[in-house]
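The chain contents come next:
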Amino acid sequence: MTYQIPRGTADLLPEQSPAWQSLEQHLKDFCYLYDFREIRTPIFEHTNVFKRENDSSDMVNKEMYTFTLPGSKTSLTIRPEGTAGVVRSFVENKLYADPDLPMKLYYLGPMARHERPQKGRLRIFNQFGVESLGVKSPYADAEVMVLAYSILKSLGLSDIRILLNTLGDDESRAAYRAALKDYFAPYVGELCADCKRRYEQNPLRILDCKVDHDKECMQQAPRMSDYLNDESREYFRTVCEILDRLEIPYQVEDDLVRGLDYYTHTVFEIVSENREMGAQSTVLAGGRYDNLIPYFGGPEGMSGIGWALGLERLLIALQAEGITLEDAAGVDCYVMVLDEKARMYAFELLTQLRAAGYQSEMDFQGRGFKGQFKAADRAHAKHVLIIGGREFEEGVVTVKTTETRTQETVAAADLVAYLDCLDADGVDHHHHDHEEGCQCEACRGEH
């Protein structure tokens, strides 16, 4: 029987890992600068963490992987997004009691949605996101957007822009919903099945429909900006003013509502305008949510804002602009065994090198000199350590340094100190500090 990976999933192979690791570290480094700290939540939650009240989003209604445990009525759902679980944890662990809010968090991990697989959109995908919880301020909104924009620009992306809108507060949205219901009433019969459901649940979601997007009735629909109360209008004006002062480019999009029902006030997307991205041009998206923290039992009036990006989608955006992340570095040492009776001795030295902080590898296939040398070359080894019968009997190692093409015979007891000296002298610079008075065979008498 042949086993194949399920549709809509992907393996991350070893040659791809360095780019992913580089990207993940880049994201974490930026979060460190902005004082966002990591949180890790379970990969599945109780279903009502995601399926809340009369939620109209496609994610909740069509895309969640939900299951019950054998012999139990407990309904669990594999997380389709990160925000809900983070807010649940924020409330459950009473992090809102911290005197120095907002609580600024980031997360990284796999999510699952049952939707039609396409370029950059998998059923199991990896998401990175941030949440700023506990304080409602246009400055907090600006902070997360500046963080997002700075990350993408620092990676080298140039074909990007921020799309920005406001959904206002509860009062503004209630007035807007009423206006949309009145407006779309004559057109409901023309809309797709999903929009018929959205009309009853949340008519704002009709504006985000990909099926009916080009219909004339959609083009003439009322705009949120006409139904904002003074407080919501002033809040959004301040957000825009901060971005203007920081010279962060954005474009106000009246029909931007985002795909999740819990958003209020500021919503935004960062899109790529590169043709190679195809229809899936959104790289990063997020917004403010006023009611999610109280829903989970947190303090009334406590708000949050965040964003998330799919790592697969971001890597496609980088590729579209010809940006490559760093490849795997070579190993520090490759141990070549030329005499079978020296294998145990070689393996002992290999273990000592690793304990000293040197990434090291050796041949386990019993290949000859030529085969091992090719393996060392493929591994981009900085040092090739040759161990034959003579080295074994005399307790020495022949060290060939690739960059300088020099070769030295070093006592096994001095091997690590010798490599440390090479590091300090400029051959490598990522392991150890050179210590004065080194007594390795190569340096003895030079200090």
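Residues numbered from 1 in each chain as written. Predicted model: local features only at pLDDT ≥ 70, side-chain atom pairs only at ≥ 80, totals over all residues. Heavy atoms only, no water.

Undergrad: Describe the overall build of the protein chain, and please don't skip the residues or the numbers.
TA: A count of helices and strands for the protein chain gives 14 helices and 16 strands. A globule of 447 residues ought to have a C-alpha radius of gyration of about 22 Å, yet the protein chain, at 29 Å, is considerably larger. Each principal axis of the C-alpha atoms in the protein chain carries an extent, and together these give about 90 × 55 × 45 Å. Looking at the protein chain as a whole, 51% of its 447 residues qualify as buried. Long-range pairs, those at least 24 residues apart, make up 69% of the contacts in the protein chain with a sequence separation of at least 6. Across the protein chain, the mean location of the 49 positive side-chain charges is 7 Å away from that of the 73 negative side-chain charges. (Helix = DSSP H or I, 4+ residues; strand = E, 2+ residues; numbered from the N terminus. Rg over C-alpha atoms; globule rule 2.2 N^0.38 Å. Buried < 20%, exposed > 50% of the residue type's maximum accessible area, 1.4 Å probe, protein only. Contact = heavy atoms within 4.5 Å. Lys, Arg positive; Asp, Glu negative; His and termini not counted. Charge placed at Lys NZ, Arg CZ, Asp CG, Glu CD.)

Undergrad: Which residues make up the sheet that holds strand S14 (residues 383-387), and what values go with them?
TA: The five strands lie next to each other as S13-S12-S14-S15-S16, forming an open sheet whose pairing is mixed. In this open sheet, the two edge strands, each paired with only one partner strand, are strand S13 (360-362) and strand S16 (406-411). Looking at each pair of strands side by side, their axes are set apart by 25° on average, direction ignored. For strand S12 (residues 333-337) and S13, the ladder comprises three bridges, and the chain directions are parallel. Its bridge partner being in S13, Val335 is matched across the sheet by Met362. In the packing of helix H11 (residues 343-355) onto the sheet, contacts are made with S12, S13, S14 and strand S15 (396-401), and the angle to S13 comes to roughly 165°. (Pairing = 2+ DSSP bridges. Axes fitted to C-alpha atoms, helices over the stretch in contact; angles between N-to-C directions.)

Undergrad: A description of the confidence of the model for the protein chain should follow, citing residues and the corresponding values.
TA: On average, residues of the protein chain score 87 in pLDDT, and 91% of them reach the 70 mark or higher. Helix H2 (residues 58-63) is the least confidently modelled element of the protein chain, averaging 73 in pLDDT, while strand S1 (residues 37-38) averages 98, the highest of any element. Long-range and interchain partners of residues 427-437, a stretch whose pLDDT sits below 50, account for 28 contacts in this model, where long-range means more than four residues apart. (pLDDT = per-residue confidence, 0-100.)

Undergrad: Which residues make up unusual backbone geometry, and what values go with them?
TA: Note that the residue after Leu101, namely Pro102, is joined by a cis bond; omega there is 10°. Look at Lys94: it is not a glycine, yet its phi comes out positive at around 55°. Lys94 sits in the exposed class, given a relative accessible area of 52%. One non-glycine residue, Arg405, lies in the positive phi region at around 55°. Structurally, the position occupied by Arg405 is in the loop between S15 and S16.

Undergrad: Can you explain the nonpolar core? Please cite residues and give values.
TA: Membership of the largest hydrophobic core comes to 47 residues, with the highest contact counts inside it found for Leu133 and Phe184. Among the secondary structure elements, those contributing two or more residues to this core are helix H3 (83-92), strand S5 (103-112), strand S6 (124-133), helix H5 (170-184), helix H6 (193-201), helix H7 (216-219), strand S9 (264-272) and helix H9 (292-295). No other element matches H3, which puts five residues into this core. Beyond its immediate sequence surroundings of up to four residues, Leu133 is in contact with Val86, Val87, Phe90, Leu101, Pro102, Met103, Leu105, Tyr289, Ile293, Ser303 and Gly304. (Core = buried A, V, L, I, M, F, W, Y, C linked by side-chain atoms within 4.5 Å.)

Undergrad: How would you sum up the pattern of salt bridges? Please name residues and give values.
TA: As enumerated under the stated definition, the model contains 18 salt bridges in all. For Glu92, the salt bridge goes to Arg88, with nearest N and O atoms at 2.9 Å. One end of the pair is Glu92 and the other is Arg88, both in helix H3 and four residues apart, which spans about a single turn. Classification of Arg88 as buried rests on a relative accessible area of 15%. One salt bridge connects Arg233 with Asp230, and the closest N-O pair in it is separated by 4.0 Å. Linking Arg233 with Asp230, this pair stays in helix H8 (residues 230-245), spanning three residues, or about one helical turn. (Salt bridge = Lys/Arg side-chain N within 4 Å of Asp/Glu carboxyl O.)

Undergrad: Summarise the layout of surface pockets; cite the residues concerned and give the values.
TA: Space inside the second largest pocket adds up to approximately 720 Å³. Lining of the second largest pocket is provided by 28 residues; of these, Leu12, Gln16, Ala19, Trp20 and Leu315 occupy positions nearest its centre. Counting only elements with at least two residues in the lining of the second largest pocket, the list comes to helix H1 (17-33), S5, S6 and helix H10 (311-320). For the lining of the second largest pocket, the element with the most residues is H10, which contributes five residues. (1 Å grid on protein atoms, 1.4 Å probe; cavity = no way out; pocket = protein on both sides within 12 Å on 5 of 7 lines; lining within 4 Å. Points joined across faces, edges and corners; volume = space filled by probe spheres on them.)

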